[in-house]
Amino acid sequence: LTREVIDNTPAEQRRAYMFQPMTMLTMQSFMEKVLETEGITKEMIERQQKQAELLNTLITADQDVADHLIKERGGEIDEVFFAMLRQYIEAASQMNDSQLVPLINLQAKLMTETETGRRLEKQQIALHGLNRSAKEADGLTPAILLEHILKNQEDPELVAALAQAGIQAMTYEFFTGLTNEIERQQLAGNEEAVERLSNIRADLLQMQEEIQTQTRQMLGKARETLESILTAEDMQLAVQANANKIDDAFMYVLAGEIGRAEETDQQERLEQLNALRDLLVSEAESQTPPEVQLLNWL
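Residues numbered from 1 in each chain as written. Predicted model: local features only at pLDDT ≥ 70, side-chain atom pairs only at ≥ 80, totals over all residues. Heavy atoms only, no water.

Draft legend 1. Quick look at the overall build of the chain. The number of helices and strands found in the chain is 15 helices and 0 strands. Overall, the chain is about 65 × 60 × 50 Å in size when its C-alpha atoms are taken along their principal axes. A burial count over the chain gives 32% of its 298 residues as buried. Taking contacts inside the chain between residues at least 6 apart in sequence as the whole, the part at least 24 apart equals 57%. Surface accessibility of the chain: about 20100 Å² in total, with carbon and sulfur atoms responsible for 52%. Once the 27 positive and 52 negative side-chain charges of the chain are each reduced to a mean point, those two points are 4 Å apart. (Helix = DSSP H or I, 4+ residues; strand = E, 2+ residues; numbered from the N terminus. Buried < 20%, exposed > 50% of the residue type's maximum accessible area, 1.4 Å probe, protein only. Contact = heavy atoms within 4.5 Å. Areas by Shrake-Rupley, 256 points an atom, 1.4 Å probe, with all protein chains shown as cover. Lys, Arg positive; Asp, Glu negative; His and termini not counted. Charge placed at Lys NZ, Arg CZ, Asp CG, Glu CD.)

Written as structure tokens, this is what we have:
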């Protein structure tokens, strides 16, 4: 079987590990090995299994047992645990399950009685305030983001959560406003605030730089994939071979290249890009169930 795999794999795609097949005796060990390649260790899986068991126990436990478990196993009730609980609530809500109310009550209890819950609740309140201000102003502005970050400046986790939620408003205007506030505090002789705000500015600049770097890398890879498909002898086969790389970033780059070809009047490239776009639409439609295709046509 190994020989057959090698013979049917193009030379440039062959890898050394193909000659070292592993024996998997159970589906569990197979899944664990696959997940390890994504950075998910066996210990992480075991922890989530314990969290799932704890969550299912808390759902049906009476108050005394629940209080004891929350106190004894509070370390397991982290962000991942709350994410699981939210998934349970969403599923119960969609199915009109009778467990919905107990689940909501459990979430409220954990929000007030656990350290992670109290931290998440503070984040939710801060983010809700930011969203409300943005809605009232018909959109998030640098000034609004700065106002809410300054309001929560003494809590680094809240500042980080607000910055991530409002990253699109973290513009030159935002950093100018933050610098002006640092200078104002300096003139007032408030050295503690100056140090705190200076650290916030440095952290946010680093966050912005990391995001921009990741974006450049992502778009660069998408552009490489696009060019490799365009230069392939068989475009359809190239699309199928790169199906896992055709994502939002790829489509963004493709749209940008089409626009650039139109502006610079590169007719040959424009025709090639439009042909690729039509091919991608056709490929997507071919994988769509017949009833959905019918609705799209209608």
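After presenting the structure, the write-up continues.
Draft legend 2. Structural context of the pattern of salt bridges. Counting across every chain of the model gives 17 salt bridges. For K33, the salt bridge identified is with E36, shortest N-O distance 3.9 Å. Here K33 pairs with E36, and both are found in helix α2 (residues 27-36), just 3 residues apart, close to one helical turn. Between E209 and R216 there is a salt bridge; the shortest N-O distance is 3.4 Å. Judged by its relative accessible area of 40%, E209 falls in the partly exposed class. Salt bridges linked by common partners bring R223, E227, E257, R260 and R269 together as one network. (Salt bridge = Lys/Arg side-chain N within 4 Å of Asp/Glu carboxyl O.)

Draft legend 3. Structural detail: the packing of aromatic side chains. Scanning all chains against the criterion turns up 2 aromatic pairs. When the centroid spacing of 6.4 Å and the interplanar angle of 80 degrees are considered together, the rings of F81 and F82 count as edge-to-face. A residue is classified by how much of its surface remains accessible, and F81, at 0% relative accessible area, is buried. For F82, a relative accessible area of 0% translates into the label buried. On the numbers, 5.2 Å between centres and 85 degrees between planes, the contact of F174 with F175 is edge-to-face. Each of the two residues, F174 as well as F175, counts as buried. (Phe/Tyr/Trp six-rings, centres within 6.5 Å; stacked < 30°, edge-to-face > 60°.)

Draft legend 4. Inspection of the nonpolar core at higher detail. Counting 22 residues, the largest nonpolar core has L145, I149, M170, F174, L178, I200 and L204 as its most contacted members. Of all the secondary structure elements, the ones that give two or more residues to this core are α7 (115-136), α8 (142-151), α9 (156-165), α10 (172-187) and α11 (191-230). Setting aside chain neighbours within four positions, we find M170 in contact with L145, A163, F175, L204, M207 and Q208. (Core = buried A, V, L, I, M, F, W, Y, C linked by side-chain atoms within 4.5 Å.)

Draft legend 5. Representation of unusual backbone geometry. A positive phi angle, near 60 degrees, is found at D138, a position not held by glycine. Residue placement: D138 occurs in the loop between α7 and α8. The backbone of D265 sits at a positive phi, close to 55 degrees, despite the residue not being glycine. For D265, the location among the structural elements is in the loop between α13 (248-263) and α14 (267-286). Looking at D265, the relative accessible area reads 55%, which means it is exposed.

Draft legend 6. How the structure looks around the environment of I229. Along the chain, the position of I229 falls in helix α11. Once the C-alpha coordinates of I229 and L276 are considered, the two residues, 47 residues apart in sequence, prove to be 8.5 Å apart. What I229 contacts, discounting residues up to four positions off in sequence, is M235, A238, V239, N242, I246, F250 and L276.

Draft legend 7. Quick peek at the environment of V194. When you line up the elements, V194 lands in helix α11. Excluding its chain neighbours within four sequence positions, the residues that come into contact with V194 are I182, Q185 and Q186.

Draft legend 8. Main features of helix α3 (residues 42-60). Between its first and last C-alpha atoms α3 spans 28 Å; for 19 residues at 1.5 Å apiece the expected length is 27 Å, and the two agree. Within α3, the full set of buried residues consists of I45, Q51, L54, L55, L58 and I59. Looking at the buried side of α3, the elements it contacts are α2, α4 (63-72), α5 (79-94) and α6 (100-113). (Expected span 1.5 Å × (residues − 1).)

Draft legend 9. A look at the packing of α3 against α4. Look at α3 against α4: their axes get within 8 Å of each other, and the N-to-C directions meet at 155 degrees. Relative to α4, α3 is oriented roughly antiparallel. Between α3 and α4 lies a crossing whose hand is left-handed. Seen from α3, the contacting residues are L54, T57 and L58; seen from α4, they are A66, L69 and I70. Its residues assigned to classes, the contact of α3 with α4 comprises 5 nonpolar, 1 polar and no charged. (Axes fitted to C-alpha atoms, helices over the stretch in contact; angles between N-to-C directions. Parallel < 35°, antiparallel > 145°, perpendicular 65-115°, else oblique. Left-handed = near helix turned anticlockwise from the far one by under 90°. Nonpolar A, V, L, I, M, F, W, Y, C, P; charged D, E, K, R; others polar.)

Draft legend 10. Looking closely at a nonpolar patch on the surface. Together, M22, M24, M27, F30, M31 and V34 make up a nonpolar patch on the protein surface, roughly 570 Å² of accessible area in all. Structurally, F30 is set in helix α2. (Patch = residues over 30% accessible without salt bridge, like charges linked within 9 Å, V, L, I, M, F, W, Y side chains within 5 Å.)

These figures capture arrangement, not role.
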